[in-house]
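Notes for the structure review
Each chain, letter by letter, is given below.
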Amino acid sequence: MTKPMQSTPQQKRVLSGMRPTGKLHLGNYMGALYNWVRLQRDYECYFFIADWHALTTDYADTSCVKKNILDVALDWLGAGLEPERSTLFVQSWVPQHAELHLLFSMITPLGWLERVPSYKEQQQQIGDVAAGGKDLSTYGFLGYPLLQSADILIYQADMVPVGQDQVAHVELTREVARRFNNFYPAEPLILPEPQALLTPAPKLPGTDGRKMSKSYGNTIELAAPEPVIRQKLKTMVTDPARIRRSDPGNPDICPVFDLHKIFSSSETQQKVREGCTTAAIGCIECKGWLADGIVAELAPIQERRRAFENSPDHVWEILREGSAKARTRADQTMQQVRDAMHLPQIETSPAGAAL
Ligand code: TRP
Ligand code: SF4
């Protein structure tokens, strides 16, 4: 059977994005990319690098934006996103997102944005200037979820694969769509309400046992070389009650075992459970087996990544082509939006528009 290269009209549309904050880690992979790669087989997919969203917090130092975009694209291509199946693009190369964001800003009550839980949380976590944090009392930061709404609605997306932390943003997107459709009714509705597609992400601990996250410095990167992976796992926390080699351990409270559940075969998991609870194996041995599993999972990803690393121009070309496709699709929606709002179209003469 030949693989479908072109999406069919009745295919549902999927859209998601990632901020370019550097190389992706195993948590990003299992939490998002792994699912995206599977979604692209069955849906018309748009995946984009949200460089404007990165600026909402990192506006003071923008020196790494281009490098980070390339790094994310390399991880995506390595993980198996295929430009023949998915439209892969850069947000700032599709300025229509900004146009729709601006129009949304006219109709969105401030209270809706102030109420989004991530707004106050993030301000508390990283927005304390006195404590060396960033000044997040900006217009752009408040508008973060509204820009996200524009990202989603401009493709008239049906589904948005996201983690639990983004559900409130998709909910706001639905409210904005509803308000827009109310003010500017059309048949069929111009901005259908998208669904959040909650990705069934397994709990993925970092080397310190907390959730794997760049801000904790406990990550294992997708592109990490084998010795780095092995070294990081060596320092990973285990069942704290297992102090001596002769103490039996409890895999059910050990973060190393949580990773075994994702990256090791059921035989290996069984072997670990046996050996750990009877003190027949040591943690070093156990972590070695885990490293084997992770290295094996990442090998094809890293091999593909390396091939693209050697031709960065090709990667930028993929993003340029994807962005051109995205612009065409986004333009289609913007024409409907301008019509519904009785705004003059850009391409046709305003004089021809009914006053
Ligand atoms: N806010 C998302 C995140 O931090 C990134 C993002 C921006 C996004 N625009 C989007 C995700 C649109 C889904 C759809 O992960
Ligand atoms: Fe954890 Fe493995 Fe050590 Fe048991 S043997 S405590 S599962 S690292």
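Each chain carries its own residue numbering, running from 1 in the written order of its sequence. Labels follow written order: the first chain is A, the first ligand is 1, and so on. Predicted model: local features are reported for residues with pLDDT of at least 70 only, side-chain atom pairs are reported and counted for 80 or more only, and whole-chain, interface and lining totals are derived from all residues. For side-chain calculations, the full set of non-hydrogen atoms in the structure is used, while hydrogens and water are omitted.

Observations concerning the overall build of the chain
- Helix and strand counts for the chain come out as 14 helices and five strands.
- Think of it in three bands: with a 1.4 Å probe and only protein chains considered, a residue is buried below 20% of the maximum accessible area for its type, exposed above 50%, and partly exposed in between. Out of the 355 residues in the chain, the part that is buried amounts to 48%.
- Contact criterion: two residues are considered in contact whenever any of their non-hydrogen atoms come within 4.5 Å of each other. Excluding contacts between residues fewer than 6 apart, the proportion of contacts in the chain whose partners are at least 24 apart in sequence is 77%.
- Using a 1.4 Å probe, accessible areas were evaluated by the Shrake-Rupley method; residue-level cover was limited to the displayed protein chains. Of the roughly 18000 Å² of accessible surface on the chain, a fraction of 54% belongs to carbon and sulfur atoms.
- In the chain, 38 positive and 41 negative side-chain charges are present, and the distance between their average locations comes to 4 Å. A run of H or I in DSSP counts as a helix once it spans at least four residues, and a run of E counts as a strand once it spans at least two, with each numbered from the N terminus. Only four residue types enter the tally: Lys and Arg on the positive side, Asp and Glu on the negative side, with His and both chain ends excluded. Just so you know, the charge point we use is NZ for Lys, CZ for Arg, CG for Asp and CD for Glu.

A closer look at the site of ligand 2
- Neighbouring residues of ligand 2: Thr-238, Asp-239, Arg-242, Cys-254, Val-256, Val-272, Cys-276, Cys-283 and Cys-286.
- Mapped by element, the contributors of at least two residues to the shell around ligand 2 are α12 (266–277) and α13 (283–309).
- Among the residues forming the shell around ligand 2, the class breakdown is six nonpolar, one polar and two charged. Put simply, a residue is near a molecule or strand once any heavy atom of it comes within 4 Å of that molecule or strand. Note on residue categories: nonpolar means Ala, Val, Leu, Ile, Met, Phe, Trp, Tyr, Cys or Pro, charged means Asp, Glu, Lys or Arg, and polar means any other residue, Gly included.

A word on the packing of helix α10 (residues 226–234) against α13
- Each axis is a line fitted through C-alpha atoms, taken for helices only over the stretch in contact, and angles between the N-to-C directions span 0 to 180 degrees. Across the interface, α10 lies against α13 with an axial gap of 10 Å and an inter-helix angle of 145°. Considering only the axes of α10 and α13, their crossing is right-handed. Taking contact as the criterion, the partners of Glu-226, Ile-229, Arg-230, Leu-233 and Lys-234 in α10 are, on α13, Lys-287, Gly-288, Leu-290, Ala-291, Asp-292, Ile-294, Val-295 and Leu-298.
- When its residues are assigned to classes, the contact of α10 with α13 shows seven nonpolar, one polar and five charged. By convention the crossing between two helices is left-handed if the near helix lies anticlockwise of the far one by an angle smaller than a right angle, and right-handed if it lies clockwise.

Digging into the domain arrangement of the chain
- Residue ranges for the domains trace back to a domain assignment, done automatically or taken from a database. Here the chain is partitioned into domain 1 (13–204 + 311–340) and domain 2 (224–306).
- Taken together, the contacts link 14 residues of domain 1 with 10 residues of domain 2.
- Buried area counts how much accessible surface, traced with a 1.4 Å probe, disappears from two parts once they are put together, with both parts' losses summed. Across the domain 1 to domain 2 interface the summed buried area is about 1000 Å²; carbon plus sulfur atoms make up 64%.
- When a carboxyl oxygen of Asp or Glu lies within 4 Å of a side-chain nitrogen of Lys or Arg, that pair is called a salt bridge. For the interface between domain 1 and domain 2, the tally reads two salt bridges.
- A salt bridge links Asp-71 to Arg-305, with the nearest nitrogen and oxygen atoms 3.2 Å apart.
- Polar contacts here mean pairs of N or O atoms no more than 3.5 Å apart (in protein, one a potential hydrogen donor and the other a potential acceptor; neighbouring residues in sequence count only if both atoms are side-chain atoms). Seen at the junction of domain 1 and domain 2, the total is three residue pairs in polar contact (both at pLDDT 80 or more).
- At the level of elements, α1 (26–39) and α3 (65–79) are the ones that each hand at least two residues to the side of domain 1 that touches domain 2.
- Taken together, the residues of the side of domain 1 that touches domain 2 break down into eight nonpolar, two polar and four charged.

Considerations on the pattern of salt bridges
- In this structure the tally under the stated criterion is 18 salt bridges.
- Its salt-bridge partner being Glu-171, residue Arg-174 comes within 3.9 Å of it at the nearest N-O pair. One end of the pair, Arg-174, and the other, Glu-171, are both in helix α9 (residues 167–183), three residues apart, so they sit about a helical turn from each other.
- Between Asp-292 and Arg-230 there is a salt bridge, with its nearest N and O atoms 2.8 Å apart. Taken as a pair, Asp-292 in helix α13 and Arg-230 in helix α10 lie far apart in primary sequence, 62 residues in all.
- Using a relative accessible area of 39% as the deciding quantity, one classes Asp-292 as partly exposed.
- Several salt bridges converge on common partners, so that one network encompasses Lys-67, Asp-71, Asp-75, Arg-305 and Glu-309.

A closer look at the site of ligand 1
- Lining the immediate environment of ligand 1, one finds 14 residues, of which Arg-19, Tyr-144, Gln-148, Asp-151 and Gln-166 sit closest.
- Note that an oxygen atom of ligand 1 is positioned 3.2 Å from one of the side-chain N or O atoms of Arg-19.
- Here a nitrogen atom of ligand 1 and a side-chain polar atom of Gln-166 are 2.9 Å apart.
- When isolated, ligand 1 has an accessible area of 370 Å², and the protein chains bury 92% of it.
- Counting residues per element, the ones that place at least two in the shell around ligand 1 are β1 (13–18), α8 (144–153) and β4 (159–162).
- When residues in the shell around ligand 1 are grouped by element, the largest group, four residues, is from α8.
- Its residues assigned to classes, the shell around ligand 1 comprises seven nonpolar, five polar and two charged.

Quick word on the environment of Ala-54
- By the element assignment, Ala-54 lies in helix α2 (residues 51–58).
- Measuring from C-alpha to C-alpha, the distance between Ala-54 and Trp-112 comes to 21 Å, with 58 residues separating the pair along the chain.

Examining the nonpolar core
- With 54 residues, the main nonpolar core has Leu-26, Leu-33, Trp-76 and Leu-233 as its most contacted residues.
- In terms of residue count, the dominant contributor to this core is α13 (nine residues).
- Here this core gathers at least three residues from each of two domains, domain 1 (13–204 + 311–340) and domain 2 (224–306).
- Apart from residues lying up to four places away in sequence, Leu-26 is in contact with Leu-204, Met-212, Ile-220, Leu-222, Phe-263, Ile-294 and Leu-298.
- Ala-157, Val-160, Val-170 and Met-341 belong to the second-largest nonpolar core, a separate cluster that totals 39 residues. We define the nonpolar core as a collection of buried residues of types Ala, Val, Leu, Ile, Met, Phe, Trp, Tyr and Cys that are connected through side-chain atoms lying within 4.5 Å of one another.

Let's talk about unusual backbone geometry
- Following Glu-187, the chain continues into Pro-188 via a peptide bond in cis, with omega recorded as -5°.
- With respect to the element layout, Pro-188 can be found in the loop between α9 and β5 (195–198).
- Although it is not a glycine, Gln-156 adopts a positive phi angle of roughly 50°.
- Residue position: Gln-156 is located in the loop between α8 and β4.
- What makes Gln-156 buried here is its relative accessible area of 9%.
- Of note, Ala-279 is a non-glycine position whose phi angle comes to about 60°, a positive value.

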